[in-house]
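Inside the fold
So the chains spell out like this:
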Amino acid sequence: MTRHAALDHAALLIFPETLSGLADELARHGLDVGAMTPSVVVRERLSSRYGVPLADLEVGILLAPVADRTGRPCELEIFVLVTPPELAPIAEDERRHERENHVALAVRRPDPVLVRGLRTLLTSVIGPDGGGYNGYEDNTVLYFRDAHRADPAFRRLELTSTGRFPQLLATHRRESCAGTSLLRLFTGVTKVADFTTARTVVDIAGGNGELLARVLHTAPWLHGVLLDLPNALDAASVRLAGLDSRVSLVPGDFTRAVPDSGDVYLLSRVLHDWDDDQCRTILTTCARDMPAHAELLVIERLLPDGPDDSLAIPWDVHMLCNTGGRERTEPDYRALLAEAGFELVETCALPLDA
Ligand SMILES: C[S@@+](CC[C@H](N)C(=O)[O-])C[C@H]1O[C@@H](n2cnc3c(N)ncnc32)[C@H](O)[C@@H]1O
């Protein structure tokens, strides 16, 4: 890799309460930064990750010239989130997960075959995560991400090259990790669902807590309850750690009982894991235990009713082969819900495109 690409920059996100005195503080650490420019991409990612309006986030970039281990000049890219006390939970969560830190490698020669080869090499160890072409700088950047990599410095990688590689970029975007579209999906849920009159939201089989975390960030008055199998709660406790006081993690089995204290219940990407009989059991348990006033939000991919092409079709085959479940049409869900005593009142489109 190092024969064909060189370290371009390393990046990290920092959380000063104010910008005043920041340059002096960085200078004391030997970092000589220039003027701050606004960061669009990191600001958008933080806004979407935490459900905080863009207008409430001030994110800038400072560049400091540094040298790599061999003495070759490169840059430190310092993303700065101005963090007043109300944004402290974001800082705490970002410090814990270090999601924005990354290393960027620049391809030494903008040759399409070389860029394609390096991309293939990188995708064998870290998942693709989008990318773009900057026409002003005539520069292509491919992002890679693996949130679970032990060394946080390599959870996010960038491969940059002078030049434009539209086909390669299209392939990279198409293959980009499901995690990205999952985040878009969950952000979509917080936009279409109305939590204004609810006090408690119950996420049934809430998995790693990503959806519940987003809902709680969007609606700070809500208390969250996440039900999942006992061995699945560890992942949720990590994701929801910053929200301890507002969350209860409940070990349980949704075929036997669900918590009875909710106003809104989420059932996200669960029913498609199961056949119709098992879905009836899950939904009947929900109908039995939910208070009469409560609402159930089912988040699933819908099979088209007619001959239209849809990503739900390959997913249907995938679910059948891997879990014995299936994707369903809206009438299928309407019927299953009705059998359990629910009335399907509304269907909203969400970005469920991967
Ligand atoms: C596909 S994941 C969906 C997770 C989450 N709702 C989401 O959208 O990311 C299915 C979840 O169902 C949980 N699960 C499976 N069987 C269960 C059961 N009998 N009771 C409760 N949760 C169960 C799994 O542990 C897993 O977290």
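Quick caveat: nothing in here was measured; it's all calculated off a predicted structure.

Rules of the game
Residues numbered from 1 in each chain as written. Predicted model: local features only at pLDDT ≥ 70, side-chain atom pairs only at ≥ 80, totals over all residues. Heavy atoms only, no water. Pairing = 2+ DSSP bridges. Helix = DSSP H or I, 4+ residues; strand = E, 2+ residues; numbered from the N terminus. Domains from an automatic or database assignment. Buried < 20%, exposed > 50% of the residue type's maximum accessible area, 1.4 Å probe, protein only. Arc of directions from axis to C-beta. Contact = heavy atoms within 4.5 Å. UniProt positions renumbered as here; feature names shortened; annotations may be inferred. Axes fitted to C-alpha atoms, helices over the stretch in contact; angles between N-to-C directions. Parallel < 35°, antiparallel > 145°, perpendicular 65-115°, else oblique. Left-handed = near helix turned anticlockwise from the far one by under 90°. Nonpolar A, V, L, I, M, F, W, Y, C, P; charged D, E, K, R; others polar. Phe/Tyr/Trp six-rings, centres within 6.5 Å; stacked < 30°, edge-to-face > 60°. Lys NZ or Arg CZ within 6 Å of the ring centre and 35° of its normal.

Sheet topology note: the strand β1 (residues 5–14)/strand β5 (residues 102–107) ladder contains six bridges and is antiparallel. Each residue of the ladder has a partner; that of L7, found in β5, is L105.

Segmenting the protein into domains produces domain 1 (5–179) and domain 2 (180–340). Each of domain 1 and domain 2 has a C-alpha centre, and the two are 32 Å apart.

Those residues of helix α3 (residues 88–97) not exposed but buried are I90, A91, D93, E94 and H97. The arc enclosing the buried residues of α3, seen along the axis, measures out at 165°, which places them on a common side. Residues of α3 that are buried make contact with β1, α2 (41–50), β4 (73–81) and α8 (233–239). Where α3 ends, the next residue or the one after it, E98, has phi of about 45°, a positive value.

With that out of the way, let us pick up the UniProt feature "domain: O-methyltransferase C-terminal" (unreviewed entry) in the protein. When the UniProt feature table is mapped to this numbering, "domain: O-methyltransferase C-terminal" (unreviewed entry) covers residues 189–343. Taken end to end, residues 189–343 is 36% helix and 17% strand, and its first and last C-alpha atoms sit 20 Å apart.

A word on the packing of helix α9 (residues 276–289) against helix α11 (residues 330–340). For the pair α9 and α11, the least separation of the axes is 8 Å and the interaxial angle reads 50°. Between α9 and α11, the crossing angle belongs to the class labelled oblique. Judged by the sense of rotation from one axis to the other, the crossing of α9 with α11 is right-handed. Across the interface between the two elements, D276, C279, R280, L283, T284 and A287 of α9 pack against L336, L337, E339 and A340 of α11. The residue makeup of the contact of α9 with α11, split by class, is six nonpolar, one polar and three charged.

This part takes up the packing of aromatic side chains. This model, assessed by the stated rule, comprises one aromatic pair. Residues F254 and W274 carry aromatic rings whose centres are separated by 6.0 Å and whose planes lie at 85° to one another, so their mutual orientation is edge-to-face. Of this pair, F254 sits in the loop between β11 (247–251) and β12 (264–268) while W274 is found in the loop between β12 and α9, placing the two residues 20 residues apart along the sequence. For the cation-ring pair, R164 lies above Y133, with the distance from its terminal atom to the ring centre recorded as 5.3 Å. Sitting above the plane of the W315 ring, R301 keeps its charged end 4.2 Å from the centroid.

So, about the sheet that holds strand β6 (residues 127–134). Taken together, the eight strands give an open sheet; going across it, the order is β2-β3-β4-β1-β5-β8-β7-β6, and neighbouring strands pair in mixed fashion. At either margin of the open sheet sits one strand with a lone partner, and together these are β2 (37–38) and β6. Here two bridges tie β2 to strand β3 (residues 59–67), and the two strands are oriented antiparallel to one another. Counted as the bridge partner of T37 is I61 from β3. Helix α5 (residues 166–174) contacts β6 and β7 (139–145) of the sheet and is inclined by roughly 145° relative to β6.

For the rest of this paragraph, the subject is unusual backbone geometry. The backbone phi angle of E98 is positive, close to 45°, even though this residue is not glycine. Following the sequence through the fold, E98 ends up in the loop between α3 and β5. Non-glycine residue R269 carries a positive phi angle of around 55°. With respect to the helices and strands, R269 occurs in the loop between β12 and α9. Residue R269 is classed as partly exposed on the basis of its relative accessible area of 37%.

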